[in-house]
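# Structure at a glance
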Amino acid sequence: MKNIDSYTHTRGESIYLDDVPLTQGTLFGAIFGSPAAHGKIKKLDLSAAMASEGVVRIFTWKDIPGVNQIGGIVPDEPLFAEDIVDFNGMPVAFVVATSVEHAQAAIKKIIIEIDPLTVVTDPRVARQNNSLIVPPRTFRLGDSDAAFKDCVHVVEGIAETNGQEHLYIETQGAYALPQEHGAIKVISSTQGPTAVQRHMAKVLGVPMHQLEIDVTRLGGGFGGKEDQATSWAIFCALAAYHLKKPVKYSLHRMEDMRMTGKRNPYSSDFRIGLDAELNILAYEATFHQNAGAAADLSPAVLERTLFHCTNSYFIPNVTATAYSCRTNLPPNTAFRGFGGPQGMFVIEAAIAKAAEKIGVSAFEIQQKNLIKSGDEFPYGQLAVSEALPCWNRSLSLFDHAKKKKEIEKFNAENILYKKGMSMMPICFGISFTKILMNQARALVHVYMDGSVNVSTGAVEMGQGVNTKMLQVASTIFSIDPAKVKMNSTSTFRVANTSPSAASATADLNGKAVQIACNNILDRMKTVAADILKCSATEVSIKNEIVHVNDAATEISWDFLVLESYLRRISLSESGHYATPDIHFDASKEKGHPFAYHVYGTAITEVTVDCLRGTYKIDAVNVVHDFGTTMNALIDRGQIEGGIVQGIGWMTMEEIVYDEAGRLRSNTLSTYKVPDIYSVPQMLEIDFLETKNDNLAIFRSKAVGEPPLMYGIGTFFALRNAVKAFNPKSSIGFSAPMTPEKVLMGLYDK
Ligand code: MTE
Ligand code: HPA
Ligand code: MOS
């Protein structure tokens, strides 16, 4: 089945925030962000801005009726700066004017004087200053100290990954519309409508039932709108609350890049120990996460780094410690993979370095240590592993041995070009690591004409979740998908939702839809049984025809729906789903946090131009564990997009803050993202149907985040190509592997 949005997307007819027709009298906001990364506000003079043409009012923290606080995990993030600013771009004032141009012009007239305080941008410096967001956490399995003593090979080093700009095509924004009796409706580009509603209620000092957050779809979120869509929505709602007028703010790309947080950069230390047979016996890692100026989601991101610190490998003795370090950058946040990729990069670096030292290829160490069913992850859960089936199939399907020979031959024959190859196995846990978040609800209405309307807590952000929800309803009812309509995501239809995140949206909301549909269907079957004088258990519906013991009857879906209505049977239902069997004890750092894991293996081949340091990615060939895909088209899109996004992170996307904490890579001319010319020349995906039972909707495993981590393979393939040219190169493990770094590595002495 095609994505239900593909037709309107390609015609430009899909509705995003900026496509919502404006209500008469709408005003436009813009944020004045701190020009300094750290300091004490000495003076804030709004008079010239107030007098500026078209300005209606300027809001600061003093206008907040409730509390000036939007921190989700830790209450450390004021909506507006009061006397201290902690990052460049921190919101100080919200100008509301009769046009976007007037609001933007007024911002330039705001006068602020700030007494500078020390700016910290390096997480290791923050840790030395003991400036941590939350206490450090350690995951432990076995006894790594003792195990290192038995190792024949011990290797240590440093691995670093930079941040990543989400670059959703639709920037952050919201549109607040005052309703009667003090209620406010907010159209928000958010992955977390309930998060927006909850924080807005606290800031405005009103009950949540006054606030409808409504989302039709996002032009991408990638984690950047899980927590960070909230402030823009509240600015608009605050102004609407005071002015009783609709207020809209949709950020300019440069405002968005400057003021919002990104993927957390990490700087990490590793130590790995192996025996003579290349079994990894011990692994130690210390992660320094650059959290930025406030907690935001960083403590949860940190946790997932620890969960994925051994990637797809079984290591019997592990000690992994993670520090969430407070710096003067915009608060960093969720980004596809949610800390997992940062952890997985470090173990891959450790394996690569160990391989060099021992004189084998990383391939041998990786293959030897893949996790098997029954092996324990450092957090206590036992693996139901698909690691080996994925790995082995990738070797045979893509003829790894032949590729290896070809590359060796090419490298022997060429001086100015070198090829490199890598293997990248992945293993990603599905479920929010916070157990309570693993719940969802859906509201299903069957109308008397037989058509169906489905509302869920799921937010459509391009990942195709609405298509999957529609498939669930049409499959359970066994009706034409055209009979089902997906509703927008509103906090008035479905309450207390978790954000659409953790790749778990389709599983959680899909199961809620399934439950709701089954309940309606059960009632309709009773009606059918009564008409047909049989038992309800004998009734089924197939392709809109009522069957008794698998034999078709004269009764259609439409007839049965109408008949149920006439008999005063409810044709509406709210379904609730909570993932069973998951638990985690943070005091022991042990439990069974994930419903299941997703596995896969990518083989990456690259060619480096050894004169220029430039490179191209020849092929990424993937065997991916789908369980049983419920929508191969959508899942293919997710995998292709995830791989390219991961390659961008690993190769060209370079976030640069200067020492004053100012973002230098603040436009698309200074921040390079993958385009059609930089995607792999070949990108093949093998849909591996895996047989182990899982808790995914229709056994179709979550697919949103895992493929991003295939992109890590590109870093190591490039590094191998550099080493083929210059075996003595001391090129390290610092991503992204930009052409500059490749060039330095090629000619390093
Ligand atoms: N795909 C598109 N097109 N746009 C997005 O914003 N977000 C990613 C992934 N794929 C995203 C996407 C992230 S970060 C997550 S967590 C999942 O989709 C969320 O959706 P799911 O839970 O339905 O997989
Ligand atoms: N993944 C993504 N988003 C989240 C998570 C998670 O595990 N926990 C809280 N938000
Ligand atoms: Mo995705 S980072 O969980 O929004």
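The shown structure was predicted, so the numbers you read here are calculated from the model rather than taken from an experiment. Every chain's residues receive numbers from 1 upward, in the order its sequence appears when written. Lettering for chains starts from A, numbering for ligands starts from 1, and both go in the order in which the items are written. Confidence filtering applies because this is a predicted model: local features only for residues at pLDDT of at least 70, side-chain atom pairs given and counted only at 80 or more, and all residues used for totals across whole chains, interfaces and linings. As a convention, hydrogens and water are excluded, and side-chain values are obtained from all of the structure's heavy atoms.

### Examining the overall build of the chain
For clarity, the threshold we go by: Where helices and strands are cited, they refer to DSSP runs of H or I of at least four residues and of E of at least two residues respectively, numbered from the N terminus. Only the C-alpha atoms count toward the radius of gyration. The rule for a globule is 2.2 Å times the residue count to the power 0.38. Only protein chains enter the accessibility calculation, which uses a 1.4 Å probe. A residue is then buried if its area is under 20% of the maximum for its type, exposed if over 50%, and partly exposed in between. Contacts are residue-level and defined by heavy atoms, with any inter-residue pair within 4.5 Å sufficient. Working convention for charge: Lys and Arg count positive, Asp and Glu count negative, and His plus the chain ends are omitted. Think of each charge as sitting on NZ of Lys, CZ of Arg, CG of Asp or CD of Glu.
Regarding its fold elements, the chain presents 19 helices and 30 strands. Its C-alpha radius of gyration of 27 Å places the chain within 12% of the 27 Å reference for a compact globule of 749 residues. Expressed as lengths along the three principal axes of its C-alpha atoms, the size of the chain is roughly 80 × 80 × 50 Å. By the burial criterion, 61% of the 749 residues in the chain qualify as buried. Once local pairs closer than 6 in sequence are excluded, the contacts in the chain between residues at least 24 apart make up 79%. Averaging the positions of the 71 positive and the 80 negative side-chain charges in the chain gives two centres separated by 2 Å.

### Some points on the pattern of salt bridges
Keep this limit in mind: For this document, the term salt bridge refers to a Lys or Arg side-chain nitrogen within 4 Å of an Asp or Glu carboxyl oxygen.
Inspection of every chain in the model, using the stated rule, returns 39 salt bridges. A salt bridge links Asp 63 to Arg 57; the shortest N-O distance between them is 3.0 Å. Under the relative-accessibility criterion, Asp 63 is labelled buried at 16%. Measuring nitrogen to oxygen at the nearest pair gives 2.8 Å for the salt bridge that ties Lys 468 to Asp 635. In this pair, Lys 468 sits in helix H14 (residues 465-477) while Asp 635 sits in helix H17 (residues 632-651), placing the two residues 167 residues apart along the sequence. Exposure class is identical for Lys 468 and Asp 635. Each is buried. Ionic contacts of the salt-bridge type, sharing partners, join the residues Arg 137, Glu 303 and Glu 589 into one network.

### Some words on the nonpolar core
Our working rule: For the purposes of this section, nonpolar cores are sets of buried Ala, Val, Leu, Ile, Met, Phe, Trp, Tyr and Cys residues that join through side-chain atoms within 4.5 Å.
Ile 272, Tyr 283, Phe 287, Phe 345 and Ile 712 are the most contacted members of the largest nonpolar core, which totals 100 residues. Per-element tally for this core: the top contributor is helix H10 (residues 340-358), with ten residues. If sequence neighbours within four positions are ignored, Ile 712 has contacts with Pro 341, Met 344, Phe 345, Met 424, Trp 649 and Met 650. Ranked by size, the runner-up nonpolar core spans 56 residues in total, among them Leu 27, Ala 174, Tyr 249 and Met 259.

### Remarks on a nonpolar patch on the surface
Filter applied, for reference: Nonpolar side chains (Val, Leu, Ile, Met, Phe, Trp, Tyr) within 5 Å and like charges within 9 Å form the patches, drawn only from residues with over 30% relative accessible area and no salt bridge. All accessible-area figures derive from a Shrake-Rupley calculation using a 1.4 Å probe, and residue coverage is judged against the displayed protein chains alone.
Together, Ile 415, Leu 416, Tyr 417, Leu 611, Leu 743 and Tyr 747 make up an exposed nonpolar region whose accessible area comes to about 590 Å². Here Tyr 417 lies in strand S16 (residues 417-430).

### Let's talk about the site of ligand 1
This is how the line gets drawn: In these notes, residues near a molecule or strand are those with any non-hydrogen atom within 4 Å of it. In the analysis that follows, any N or O atom pair within 3.5 Å is treated as a polar contact, provided that within protein one partner can donate a hydrogen and the other can accept it, and provided that, for residues neighboring in sequence, both atoms belong to side chains. Classification convention: Asp, Glu, Lys, Arg as charged; Ala, Val, Leu, Ile, Met, Phe, Trp, Tyr, Cys, Pro as nonpolar; all other residues, Gly among them, as polar.
Around ligand 1 sit 16 residues, and of these Gly 221, Phe 222, Met 461, Thr 505 and Gln 638 come closest. In this structure, Gln 463 approaches ligand 1 through a side-chain N or O atom, which is 3.1 Å from an oxygen atom. At 2.7 Å, a side-chain N or O of Gln 638 approaches a nitrogen atom of ligand 1. Look at ligand 1: alone it shows 520 Å² of surface, and the protein chains cover 91% of it. In terms of residue class, the shell around ligand 1 is built from five nonpolar, nine polar and two charged.

### Quick word on the sheet that holds strand S24 (residues 572-578)
Inclusion rule: A pair of strands is labelled paired if DSSP reports no fewer than 2 bridges between them. In this analysis an axis means a line fitted to C-alpha atoms, helices contributing only their contacting stretch, and an angle means the value between N-to-C directions, from 0 to 180 degrees.
Strand order in this open sheet of four strands is S19-S18-S17-S24, and the pairing throughout is mixed. Both outer strands of the open sheet, strand S19 (484-486) and S24, are each paired with one neighbouring strand and no more. For this sheet, the mean angle separating the axes of adjacent strands, direction not counted, is 20°. Here strand S17 (residues 439-446) pairs with S24 via seven bridges, running antiparallel. Bridged to His 445 within S24 is Ser 572. Sheet strands in contact with helix H15 (residues 505-532) are S17, strand S18 (452-456) and S24, and its direction is about 140° off that of S24.

### Comments concerning the site of ligand 2
Looking at ligand 2, the residues that line it are Glu 226, Arg 304, Phe 338, Phe 432, Thr 433, Met 437, Ala 501 and Ala 502. One of the side-chain nitrogen or oxygen atoms of Arg 304 is found 3.1 Å away from an oxygen atom of ligand 2. The contact in question runs from an oxygen atom of ligand 2 to an N or O atom on the backbone of Thr 433, over 3.1 Å. Summarising the interface, the protein chains cover 97% of the accessible area of ligand 2, which totals 260 Å² for the free molecule. For the shell around ligand 2, a count of residues per class yields five nonpolar, one polar and two charged.

### A short note on empty space enclosed by the protein
Selection criterion: Of the two site types, the cavity is a set of points on a 1 Å grid over the protein atoms alone where a 1.4 Å probe fits but cannot get out, and the pocket is an open set with protein on both sides within 12 Å along at least five of seven lines, each lined by residues with an atom within 4 Å of a point. Grid points are joined across faces, edges and corners, and a volume is the space filled by probe spheres set on the points. Note: domain ranges come from an automatic or database domain assignment.
Scanning the entire structure with this criterion turns up three cavities of 30 Å³ or more. The calculated volume of the largest cavity comes to roughly 240 Å³. Lining the largest cavity are 21 residues, and of these Ile 70, Glu 77, Phe 87, Ser 231 and Pro 331 sit closest to its centre. When residues of the lining of the largest cavity are assigned to their parent elements, the largest contribution, three residues, is made by helix H7 (residues 230-243). For the lining of the largest cavity, the class distribution of residues is eleven nonpolar, five polar and five charged. Looking at the lining of the largest cavity, you find at least three residues from each of domain 1 (6-117 + 166-259) and domain 2 (266-433 + 587-746). Space inside the second largest cavity adds up to approximately 70 Å³. Taken together, Ile 430, Ser 431, Asn 438, Ala 504, Asp 507, Leu 508, Tyr 577, Thr 579, Ala 595, Tyr 596 and Leu 695 form the lining of the second largest cavity. Class assignment for the residues of the lining of the second largest cavity results in seven nonpolar, three polar and one charged. Both domain 2 (266-433 + 587-746) and domain 3 (439-578) contribute no fewer than three residues apiece to the lining of the second largest cavity.

### Points about the state of the cysteines
By definition, a disulfide is the covalent link that joins the sulfur atoms of two cysteine residues. This is how it is decided: Here, the term disulfide refers to a pair of cysteine sulfur atoms separated by no more than 2.5 Å.
Throughout the structure, instances matching the rule amount to zero disulfides. Take Cys 325: it sits in no disulfide, and the sulfur closest to it among the cysteines is that of Cys 309, at 17 Å.

### A closer look at the domain arrangement of the chain
Put simply, the test is: Each of two parts loses accessible area, computed with a 1.4 Å probe, when they are put together; buried area is these two losses added.
If you check the domain split of the chain, you get domain 1 (6-117 + 166-259), domain 2 (266-433 + 587-746) and domain 3 (439-578). Each of domain 1 and domain 2 was reduced to a C-alpha centroid, and the two centroids are 35 Å apart. Residue-level contacts link 21 residues of domain 1 with 29 residues of domain 2. When the area that domain 1 buries against domain 2 is broken down by residue, the three leading residues are Ile 73, Phe 222 and Met 257, summing to 23%. Joining domain 1 to domain 2, the criterion identifies one salt bridge. Our count for the contact surface shared by domain 1 and domain 2 stands at seven residue pairs in polar contact (both at pLDDT 80 or more). When the residues that make up the side of domain 1 that touches domain 2 are grouped by side-chain class, the tally is nine nonpolar, six polar and six charged.

### As for the layout of surface pockets
Put simply, the second largest pocket is a space of about 720 Å³. Lining the second largest pocket are 26 residues; nearest its centre among them are Ser 361, Ala 362, Phe 363, Met 421 and Asn 720. Among the secondary structure elements, those contributing two or more residues to the lining of the second largest pocket are H10, helix H11 (362-368), helix H13 (400-413), S16 and helix H18 (712-725). Looking at side-chain class alone, the lining of the second largest pocket contains eleven nonpolar, eight polar and seven charged residues.

### Side note on unusual backbone geometry
Here Ala 735 and Pro 736 are connected by a cis peptide whose omega angle stands at 5°. Position of Pro 736 relative to the elements: it lies in the loop between strand S30 (734-735) and helix H19 (739-746). In this structure, Glu 589 is a non-glycine residue whose phi angle is positive, near 55°. Residue placement: Glu 589 occurs in the loop between strand S25 (583-585) and strand S26 (590-592).

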